[in-house]
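Each chain, written out:
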Amino acid sequence: MGSRIAALGHYQPGAELTNDQLATMVDTDDEWIRRRVGIRSRRVAGPEDTVDRMAAEAATKALASSGVPADEVDLVLVATSTAVERSPTTAARVARHLGLVSPAVLDVNVVCAGFTHALALAHHAIAAGSARTALVIGSDVFTSIVDWTDRSTAILVGDGAGAAVVTATDRDEIGPVVWGSFPEMHRAVRIEGTPSRFSQDGQAVYRWATTELPPIALRACAAAGVAVEDLAAVVLHQANARIIESFVKRLGVTTAVIALDVEESGNTSAASVPLAFSKLVERREVPSGAPVLLFGFGGNLSYAGQVVLAP
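Notes on the structure follow. The model shown is predicted, which means the values in this text are computed figures rather than measured ones. (Residues numbered from 1 in each chain as written. Predicted model: local features only at pLDDT ≥ 70, side-chain atom pairs only at ≥ 80, totals over all residues. Heavy atoms only, no water.)

**Brief notes about unusual backbone geometry**
- For the bond from Ser 87 to Pro 88, the omega torsion is 0 degrees, close enough to zero to count as cis.
- Within the secondary structure, Pro 88 is located in the loop between β4 (75-79) and α4 (90-98).
- In this structure, the amide linkage connecting Asn 300 to the following residue, Leu 301, adopts the cis form with an omega of -25 degrees.
- Mapped onto the elements, Leu 301 comes out in the loop between β13 (291-298) and β14 (302-309).
- Unusually for a residue other than glycine, Ser 102 sits at a positive phi of about 55 degrees. (Helix = DSSP H or I, 4+ residues; strand = E, 2+ residues; numbered from the N terminus.)

Right under this line is the structure:
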């Protein structure tokens, strides 16, 4: 049994925080932020924009686009590292919001690589016959764990959610996952303390992402039997524009559409890959059935990537 992404959906809070507005809160300016990380603005969650509510909004849009009845969903996977409550899980809360009937519900915490890990888990569950229709969601309120006086992290983060409806099919449209981690570098990205705060060794993450990961992404392409030159799009974790541009250059991609949603959304952690992918599809920048490389990376330091066919 194979699986495919039947549809995508996304949600972002209404409140926008521009670089100029951020400059009134921390010692920075628009030109410096654009030059360093390529971000122009980001969305910031309001009181109503909880991790589960944003996830449910994105999932509702994905279900509507797919035409799949909600009562057919038998697996819900939510990738997040910013849920405040541990039980009920975010996935259980989403199932309740959507009125689902007895699905398996799991939260997946691999920080910024969470969505691509969760997508692989859904793919495996369907292949094993344990599920037929899955909701795979990335949702994070990363602004809730940032220190707004720390220029190195405050300029990076934003909030949002992205979702995929994954269904069983005779023809597999989700390639094998290539995943792993670098345990010796696990403290390069941290969410620690009470209250939780996000911090990182930015230079170490940049070197790792731009040197170690492109060859691994090429392995994901090879595992799917897709040449880099045949990719229609590349959707990397939206860490910052400098990492994405360097990563893509090392991949040798020349004709594919490169997702750069980070410019208007910031780093939304587990939401970044599905959020960016959903927008590309919504804008019809990627033809249906075209191969797309998805690659998440970040905390732990973990990574997961696969080639999928666009819905």
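**Observations concerning the pairing of β4**
- Most of β4 sits inside the fold, with five of its five residues counted as buried.
- As paired strands, β4 and strand β5 (residues 104-108) are joined by five bridges and run parallel to one another. Paired with Val 78 across the strands is Asp 107, a residue of β5.
- Chirality of the crossover, the property in question, places the unit of β4, α4 and β5 among those that are right-handed. (Buried < 20%, exposed > 50% of the residue type's maximum accessible area, 1.4 Å probe, protein only. Pairing = 2+ DSSP bridges. Right-handed = clockwise from strand over helix to strand, strands pointing away.)

**Quick word on the sheet that holds strand β12 (residues 257-258)**
- An order of β8-β14-β13-β11-β12 is seen for the five strands of this open sheet, with the pairing classed as mixed. The sheet is open, and its two borders are formed by β8 (178-181) and β12, each paired with just one other strand.
- As defined by bridge partners, β13 adjoins β14 across eight bridges and the pair is classed as antiparallel. The partner of Pro 291 across the bridge, within β14, is Leu 309.
- Where helix α5 (residues 114-127) meets the sheet, its contacts fall on β8, β13 and β14, and the angle it forms with β14 comes to roughly 55 degrees.
- Helix α7 (residues 202-224) rests against β8, β13 and β14 of the sheet, and its axis sits at about 145 degrees to β13. (Contact = heavy atoms within 4.5 Å. Axes fitted to C-alpha atoms, helices over the stretch in contact; angles between N-to-C directions.)

**Comments concerning helix α3 (residues 51-66)**
- Along its 16 residues, α3 runs 22 Å from first to last C-alpha, staying within 8% of the 22 Å computed at 1.5 Å per residue.
- Burial in α3 covers these residues: Val 51, Asp 52, Met 54, Ala 55, Ala 56, Ala 58, Ala 59, Ala 62 and Leu 63.
- Against the buried residues of α3 lie β1 (2-11), α4, β6 (133-141) and β7 (159-169).
- One or two residues past the end of α3 sits Gly 67, with phi positive at roughly 80 degrees. (Expected span 1.5 Å × (residues − 1).)

Read these as geometric descriptors, not functional statements.
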